[in-house]
Amino acid sequence: MSIDERHDRKSSGLFADNIPVLIVVLIALTIGSAVLSLMIGRYWIDPGTIFSIILHPIIHSEKTWTPTVETVIMDVRLPRVIAGLLVGSGLAICGAAYQGLFRNPLVSSEILGVSSGAGFGAAIAIILSELMLVIQVSSFIFGLIAVGLTYWIARVNRQTPILMLILSGIVVGSLFTAMTSICKYVADPMNKMPTIIFWLLGSLNHATGYDILVLGPVIFICIILLLLIRWRINLISMGDEDAKALGVNTEHIKIIIILTTTLITAASVTMCGLVGWIGLVIPHIGRILVGPDNRHLLPVTVLIGAIFLVMVDTIARTLTSAEIPIGLLTAAIGAPLFAILIRVSRIGW
Amino acid sequence: MMESLTATNLSFRYPGSFYDVLSGINVTVKTGEVLTLLGPNGTGKSTLLKCLAGLLSPSTGMVMLNRQDLTIMKPYDRAKMIGFVPQSQVSPFPYLVKDIVIMGRASHLSIMKSPGLEDEKIAHDTLKIVGIDHLAMRPCNQVSGGEWQLVLIARAIAQKPKYLLLDEPTSHLDLGNQMKVLRVIDLLKKEGLTIIIATHFPDHAFIVSDRVAMIRDCIIQKSGTPHEVITEENLHLVYGIPVDVITLSSPDRTICIPQWT
């Protein structure tokens, strides 16, 4: 291999030549981190017991564990791990898809205002109600309303130019962020305000089995849809006009991407509040590993996102006796990790 | 049936603007010919090209491809017929050259499908045609301006179109690369493609084109063979400065030189 060729390969990703191997390793790591997260906590539970408990409804092995241990696994840790896998991979793939759509490696799923909208929906519901269900439904709906509003403002002459989308996304995002601040300002400082703040900081703590049954399929299906159209994201990242000239129905692709990412993000915020940073950083880590081609980047991003959030959540609930809000940790761990990766890889994009 | 690409009474106005960029344009490209659009900056050469490529919809009048209205054709059907090479702008992501070229296969694949081995082969063959197959594995932010132009041409050819429309393919290229691009255009013409080029170089029209249309003030002022149209009088009319058109005997070429007094 000549120096020139080696140079070529390096710039297209550290593992660009071994993508199948990398995928297998990442799948193993995903399973590994999930199992590890199920083991660690106030009770240490060994992997054998975990598998027996989870497989018990199918295999009916003899119960060698206490009901407490079963409750800890089935009602506490398992929903949390599944939520972590779904939200981590969902937010990560949203970031990658949006970076392609907006032709800008600095955007994430917040760009069209979905998180601000969902945050406001949660805040206003917390003030008006005590019910978790009301808060979640409100959060989800306001997330969709925010993006709908952004799309409506940006639509001119039966088209939605990228620049208009970004501008109106900023406008709508600011509007809902301001309204969230108003909610905080008027909320009862003794109980309502802390609830709002904790919600906005994010936690997998309130992810229940019920949430996963309802919102899990939404996130899962949207991830699959994005994976299916991943090559089209390459095309649309060349710009509207180029993509059109290549025969792509750009408005269709835009709607599919915006709809799926909005559903994923709104479902994520509904399940565990605002978890920032993943959508921005994980796709970059993916690019360092496999290069910018979305055919490889999207699957890899899904896996890294899942691993990252499950690991960070494990740390969030075990590091101290009180739980650390995960929104803080994703930034606190993600930022230095990202900085190290940029320094070490020295890959320009 | 004879293939044809025709604009009839075409006018175009950008949304929100009060002025027509083009008005009452009639133009037909004949199969197998190279048509060059000349005209000063901002006269609507690119706009006309984009209307003919189906990327912009005319405000009035229509563009017909084989007697079908281009604006109501499905994007993928249109892209199988018409390849468009845009004015080069940089890709925000450093995709490999081969991955850029393979994007030309989009109109042949359904929305959920990624390109397969056959598409890879077509992309590779296309890179060979334009003479840059050695760059296949190079990230596209590490190629020169001339090479990038050839990559964009290769991407359009990978669509396997009948028509190739190029928007200022030789602008901001050095002399060597200008000729490289013209050579590729000449080659594609010989392969049977019908080609429309918008350019700022009348000299290049003499080299590759069969017909020239000169645009100014929203309309086609003159059209015909290069020697009929690219005259000192017409160049003066269109560009507003005196230009000498000089025919050299060896090599057998005609060149245009703006006067400097």
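Because the structure is predicted, anything quoted here is derived from the model rather than measured. (Residues numbered from 1 in each chain as written. Chains lettered and ligands numbered in written order. Predicted model: local features only at pLDDT ≥ 70, side-chain atom pairs only at ≥ 80, totals over all residues.)

Helix and strand content of chain A: 15 helices and zero strands. Expected size for 349 residues packed as a compact globule is a radius of gyration near 20 Å; at 21 Å, chain A falls within 12% of this value. With the C-alpha coordinates of chain A rotated into their principal frame, the extents come out at 65 × 60 × 40 Å. Sorting the 349 residues of chain A into buried and exposed places 49% on the buried side. Here the analysis covers contacts within chain A between residues at least 6 apart in sequence; of these, 76% occur between residues at least 24 apart. (Helix = DSSP H or I, 4+ residues; strand = E, 2+ residues; numbered from the N terminus. Rg over C-alpha atoms; globule rule 2.2 N^0.38 Å. Buried ≥ 20, exposed ≤ 12 C-beta atoms within 10 Å, placed from the backbone. Contact = placed C-beta atoms within 7 Å.)

Counting its secondary structure elements, chain B contains nine helices and 12 strands. Its C-alpha atoms give chain B a radius of gyration of 19 Å, within 12% of the compact-globule value 18 Å for 261 residues. Across its three principal axes, chain B shows a C-alpha extent of roughly 55 × 45 × 40 Å. Counting all 261 residues of chain B, 47% fall into the buried class.

Attention now goes to the interface of chain A and chain B. Tallying the contact residues gives 27 residues for chain A and 30 residues for chain B. Put simply, the parts of the chain that give the side of chain A that touches chain B at least two residues each are helix 1 (3–11), helix 10 (230–236) and helix 11 (240–245) of chain A.

Moving on: the environment of Q89 of chain B. Along the chain, Q89 of chain B turns up in the loop between strand 6 (82–85) and helix 3 (97–101). We classify Q89 of chain B as exposed; it has 12 C-beta atoms within 10 Å.

Attention now moves to the sheet that holds strand 10 (residues 219–224) of chain B. The strands making up a sheet are joined through hydrogen bonds of the backbone, oriented either antiparallel or parallel. Residue and element names in this part refer to chain B. The strand order 6-7-8-3-9-10 describes an open sheet built from six strands, whose pairing is mixed. Two strands bound the open sheet, and with one partner strand each, they are strand 6 and strand 10. Geometrically, the sheet is characterised by an average inter-axis angle of 15 degrees between neighbouring strands, direction not taken into account. Where strand 3 (residues 34–38) meets strand 8 (residues 194–198), four bridges bridge the pair, whose relative direction is parallel. (Pairing = 2+ DSSP bridges. Axes fitted to C-alpha atoms, helices over the stretch in contact; angles between N-to-C directions.)

Let us look at the sheet that holds strand 1 (residues 5–12) of chain B. All names here are of chain B. Strand order across the open sheet formed by four strands is 2-1-4-5, with antiparallel pairing between neighbours. Looking at strand neighbours, the two that pair on one side only are strand 2 (22–29) and strand 5 (68–69), the edges of this open sheet. For strand 4 (residues 60–65) and strand 5, the ladder comprises two bridges, and the chain directions are antiparallel. Following the sheet pairing, M64 is matched in strand 5 by D69. Lying on the sheet, helix 1 (residues 45–52) is in contact with strand 1, strand 2 and strand 4; it crosses strand 1 at an angle near 125 degrees.

A few words now on the confidence of the model for chain B. Summing up the model confidence of chain B, the mean pLDDT is 93 and the portion of residues at 70 or higher is 99%. Note on the complex model: pTM 0.91, ipTM 0.92. (pLDDT = per-residue confidence, 0-100.)

The next point concerns helix 7 (residues 162–186) of chain A. Residues and elements named next belong to chain A. For helix 7, spanning 25 residues, the distance from its first C-alpha to its last is 36 Å, which sits close to the expected 36 Å at 1.5 Å a residue. Every buried residue of helix 7 is accounted for by L165, S168, G169, V172, G173, F176, T180 and C183. Turning to helix 7, the residues buried within the fold contact helix 5 (114–128), helix 6 (132–154) and helix 8 (192–201). (Expected span 1.5 Å × (residues − 1).)

In this section: the pairing of strand 11 (residues 243–248) of chain B. Residues and elements named next belong to chain B. Two strands pair when backbone bridges link them, and strand 11 and strand 12 (residues 253–258) are joined in this way by six bridges, in the antiparallel orientation. From the neighbouring strand, V245 faces strand 12, where its bridge partner is C256. The antiparallel pairing of strand 11 with strand 12 creates a hairpin that spans four residues between the two strands.

Further remarks concern helix 13 (residues 278–290) of chain A. All names here are of chain A. Along its 13 residues, helix 13 runs 18 Å from first to last C-alpha, staying within 8% of the 18 Å computed at 1.5 Å per residue. Within the sequence span of helix 13, burial applies to I278, G279, L280, V281, I282, P283, H284, I285, G286, R287, L289 and V290. Taken from the residues just after helix 13, G291 is the one with a positive phi, measuring 90 degrees.

Before going further, it helps to examine the packing of helix 13 of chain A against helix 14 (residues 294–318) of chain A. Residue and element names in this part refer to chain A. Where helix 13 meets helix 14, the axes come as close as 9 Å, and the angle between the chain directions of the two elements is 125 degrees. On the basis of the axis angle, helix 13 is oblique to helix 14. Relative to helix 14, the crossing made by helix 13 is right-handed. For the pair helix 13 and helix 14, contact is made by I278, I282, P283, I285, G286, R287, L289 and V290 and by H296, L297, V300, T301, I304, G305, F308 and L309, respectively. Residue classes in the contact of helix 13 with helix 14 are distributed as 11 nonpolar, four polar and one charged. (Parallel < 35°, antiparallel > 145°, perpendicular 65-115°, else oblique. Left-handed = near helix turned anticlockwise from the far one by under 90°. Nonpolar A, V, L, I, M, F, W, Y, C, P; charged D, E, K, R; others polar.)

Residue and element names in this part refer to chain B. Within the chain, N66 stands out as a residue other than glycine whose phi angle is a positive 45 degrees. Residue classification places N66 among the partly exposed residues on the basis of 14 C-beta atoms within 10 Å. Positive phi, normally seen in glycine, also occurs at R67, with a value near 65 degrees. Looking at the element boundaries, R67 is found in the loop between strand 4 and strand 5.

Next up on the list: the packing of helix 2 (residues 19–39) of chain A against helix 14 of chain A. Residue and element names in this part refer to chain A. Between helix 2 and helix 14, the least distance of the axes is 9 Å, while the angle of their chain directions is 20 degrees. Between helix 2 and helix 14, the crossing angle belongs to the class labelled roughly parallel. As helix 2 packs across helix 14, the resulting crossing turns out to be left-handed. Seen from helix 2, the contacting residues are I19, L22, I23, L26, I27, L29, T30, S33, A34, L36 and S37; seen from helix 14, they are H296, P299, V300, L303, I304, A306, I307, V310, M311, D313 and T314. By residue class, the composition of the contact of helix 2 with helix 14 is 16 nonpolar, five polar and one charged.

Our focus in this paragraph is the confidence of the model for chain A. Predicted coordinates in areas of low pLDDT are best not read in detail. Averaged over all residues, the pLDDT of chain A equals 90, while 95% of them reach at least 70. Considering only residues more than four positions removed or in separate chains, one finds that residues 1–10 of chain A, a stretch of pLDDT under 50, has six contacts.

With that settled, consider the environment of S168 of chain A. Residue and element names in this part refer to chain A. Of note, S168 is situated in helix 7. Since 20 C-beta atoms lie within 10 Å of it, S168 is described here as buried. Beyond its immediate chain neighbours, meaning those up to four positions away, S168 contacts T150, I153 and A154.

To continue, consider the environment of L337 of chain A. By the element assignment, L337 of chain A lies in helix 15 (residues 326–345). Through-space distance from the C-alpha of L337 of chain A to that of V281 of chain A is 9.4 Å; in sequence the pair is 56 residues apart.

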